[in-house]
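If you want the building blocks of each chain, they are given just below.
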Amino acid sequence: MFFVDDNFAINTKRTKSLLRDIIAAGAQTSWVGQISANLLRDEELVDLIAESGGRWIFIGMESLDPVNLKDVNKSFNKPADYAAVLERLARRNVYAITSFIFGLDNDQPGVAERTLSEIRKWPPGLPVFGQITPFPATPLYDRLLREGRLTRPKHWLDFAPFHMAHTPKKMSIAQVEAEVRQAWRDSYNPKRTREALASIAAQPVAYKISHLTARLFFRGIYFPRHGAWGWLKLIAQHGSMIFRIFREIAARGIHVETAVPDVSFQTPADQQQPG
C-alpha cells in the first residue's frame, strides 16, 4: 500500500495516531510512504512506521548542496543528517527510496560522483535521479522565462523524461543529462546490487528478495526492459544473486510463498515526470 501524500508525516501527531490505529487493528499490511528527512529524526515515529508495516520510505533529499536546497525551498533538509536518518530506518528494517535532482543552479560537473560517493556510505536503498524540471505557473518557470533560459517552453506538451527544459547556470544541458545517466548506471549495475545484498546478509531472506526485486524494477525507470529477451538478459546478469537466495530458501526449508515479502509499491516514474 502506498500513501501518496507528498509528506505523509507533515502532521506528526495525526500520522502517529493513524499508525497506532493500524497496529491496534492488527492489520497485516506493508506500506510505503513519502516523508521528509527532517521528520524522521523522531524515534517514536520511526518505531511506529516499522511496527505498523512500513517497509520503504520515499525521501526527497534532492541535493547534498545546502545552496541548492535553499534555492528549492528545502533548507529544512540537512545533508549532514542524511546518513543518521537512513541508519535509523535500517535498524528497524525499513529502507529508503532516496530522490535526487541534478541541474540545480549550484550544480557543477561531477555532481553525480559526489552524490554517489555519499550514497555508498549509507544503508542499501533505492536511489532515483532526475533533472530539475520547471512546470508552468510555478516561480521557477516564471524566473527561468524572465532570464531567457527556457529551451523547451512547452515541454509538457512533448513529454521527454530525463531531458532538460532549460539551460543550467554552471553546466550544459548535455552535462546534466550525462550526470543523471551516470548516477542511474552506477546505482543499478550488478556490482552495486551485490553490495546492497551483502550489506543485509544477516537479515531474513524476505528482505533480500525485496531488495533484489525492487532494484531490478527500479533500474527499469531509466533503463526500461522491452520484451522477454530483455528481462532474461537482466536476470542472467543477476543470476548468481538469485541462485544464492533460492539456495538460502532451500537450506532453511522456507516455502517460497512465505519468503516473498508482502510489499508492493509504485515507482516514481509511474506517478510523475522525474525531478
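For the structure given in this document, a descriptive report is provided here. (Residues numbered from 1 in each chain as written. Predicted model: local features only at pLDDT ≥ 70, side-chain atom pairs only at ≥ 80, totals over all residues. Heavy atoms only, no water.)

With that out of the way, let us pick up the nonpolar core. One finds Ile 59 and Trp 184 to be the most contacted residues of the largest nonpolar core, which totals 68 residues. For this core, the element with the highest residue contribution is helix H9 (residues 205–222), accounting for eight residues. Ignoring anything within four residues of it in the chain, the contact list for Ile 59 reads Ile 35, Ala 37, Leu 40, Val 85, Leu 86, Leu 89, Ala 96, Ile 97, Thr 98 and Ser 99. (Core = buried A, V, L, I, M, F, W, Y, C linked by side-chain atoms within 4.5 Å. Buried < 20%, exposed > 50% of the residue type's maximum accessible area, 1.4 Å probe, protein only. Helix = DSSP H or I, 4+ residues; strand = E, 2+ residues; numbered from the N terminus. Contact = heavy atoms within 4.5 Å.)

Read across the sheet, five strands follow the order E1-E2-E3-E4-E5 without closing on themselves; strand pairing throughout is parallel. The sheet terminates laterally at strand E1 (2–3) and strand E5 (126–131), the two strands that pair on one side only. The sheet contact formed by strand E2 (residues 31–34) and strand E3 (residues 54–62) spans four bridges and is parallel. When the bridges of E3 are listed, Gly 33 appears paired with Ile 57. (Pairing = 2+ DSSP bridges.)

Any two side chains of opposite charge can pair, so long as their charged atoms come close to each other. A complete count under the given rule lists 18 salt bridges for this structure. Residue Lys 16 is joined to Asp 42 by a salt bridge in which the shortest nitrogen-to-oxygen separation is 2.9 Å. One end of the pair, Lys 16, is in helix H1 (residues 12–24); the other, Asp 42, is in the loop between E2 and helix H2 (43–51), and 26 residues separate them in sequence. Exposure remark for Asp 42: the relative accessible area of 25% places this residue in the partly exposed category. The closest approach of N and O atoms between Asp 47 and Arg 92, which form a salt bridge, is 2.6 Å. Of the two residues, Asp 47 is situated in helix H2 and Arg 92 in the loop between helix H4 (82–90) and strand E4 (95–102); the sequence distance between them amounts to 45 residues. Exposure remark for Arg 92: the relative accessible area of 21% places this residue in the partly exposed category. (Salt bridge = Lys/Arg side-chain N within 4 Å of Asp/Glu carboxyl O.)

Bringing the packing of aromatic side chains into the picture now. Evaluation of the coordinates by the stated rule reveals 16 aromatic pairs. Both rings, one in Trp 56 and one in Tyr 95, keep their centres 6.1 Å apart while their planes meet at 50°; by these two values the pair is tilted. Taken together, the residues span a long stretch of sequence, with Trp 56 in strand E3 and Tyr 95 in strand E4 at a distance of 39 residues. Consider the rings of Phe 217 and Trp 231, whose centres lie 5.5 Å apart with planes at 50°: the pair is tilted. Of this pair, Phe 217 sits in helix H9 while Trp 231 sits in helix H10 (residues 227–237), and the two are 14 residues apart along the sequence. On the accessibility criterion, Trp 231 (30% relative accessible area) is partly exposed. Three or more aromatic residues link up through ring pairs in this structure, and these residues are Tyr 82, Phe 100, Phe 102, Trp 122, Phe 129, Phe 162, Trp 184, Tyr 188, Tyr 222 and Phe 223. (Phe/Tyr/Trp six-rings, centres within 6.5 Å; stacked < 30°, edge-to-face > 60°.)

As a further point, take a positive patch on the surface. Taken together, the side chains of Lys 191, Arg 194, Arg 244 and Arg 247 present a region of like positive charge at the surface. Of all the secondary-structure elements, those providing two or more residues to the positive patch are helix H8 (190–199) and helix H11 (239–252). The topology assignment puts Arg 247 in helix H11. (Patch = residues over 30% accessible without salt bridge, like charges linked within 9 Å, V, L, I, M, F, W, Y side chains within 5 Å. Areas by Shrake-Rupley, 256 points an atom, 1.4 Å probe, with all protein chains shown as cover. Lys, Arg positive; Asp, Glu negative; His and termini not counted. Charge placed at Lys NZ, Arg CZ, Asp CG, Glu CD.)

In contact at an axis separation of 10 Å, H8 and H9 are set at 160° when each is read in the N-to-C sense. Considered as vectors, H8 and H9 are oriented roughly antiparallel to each other. The handedness of the crossing between H8 and H9 is right-handed. Touching Arg 192, Thr 193, Ala 196 and Leu 197 of H8 are Lys 208, His 211, Leu 212 and Arg 215, all from H9. (Axes fitted to C-alpha atoms, helices over the stretch in contact; angles between N-to-C directions. Parallel < 35°, antiparallel > 145°, perpendicular 65-115°, else oblique. Left-handed = near helix turned anticlockwise from the far one by under 90°.)

Let us now look at unusual backbone geometry. Phi is positive for Asn 93, close to 60°, though the residue is something other than glycine. When its relative accessible area of 16% is taken as the criterion, Asn 93 is described as buried. Despite not being glycine, Ala 137 shows a phi value in the positive range, around 65°. For Ala 137, a relative accessible area of 74% translates into the label exposed.

Time to look at the side chain of Gln 131. Looking at the element boundaries, Gln 131 is found in strand E5. Within the structure, the side chain of Gln 131 is placed 3.1 Å from the side chain of Thr 133, a separation counted as a polar contact. (Polar contact = N/O pair within 3.5 Å; in protein donor to acceptor, adjacent residues only side chain to side chain.)

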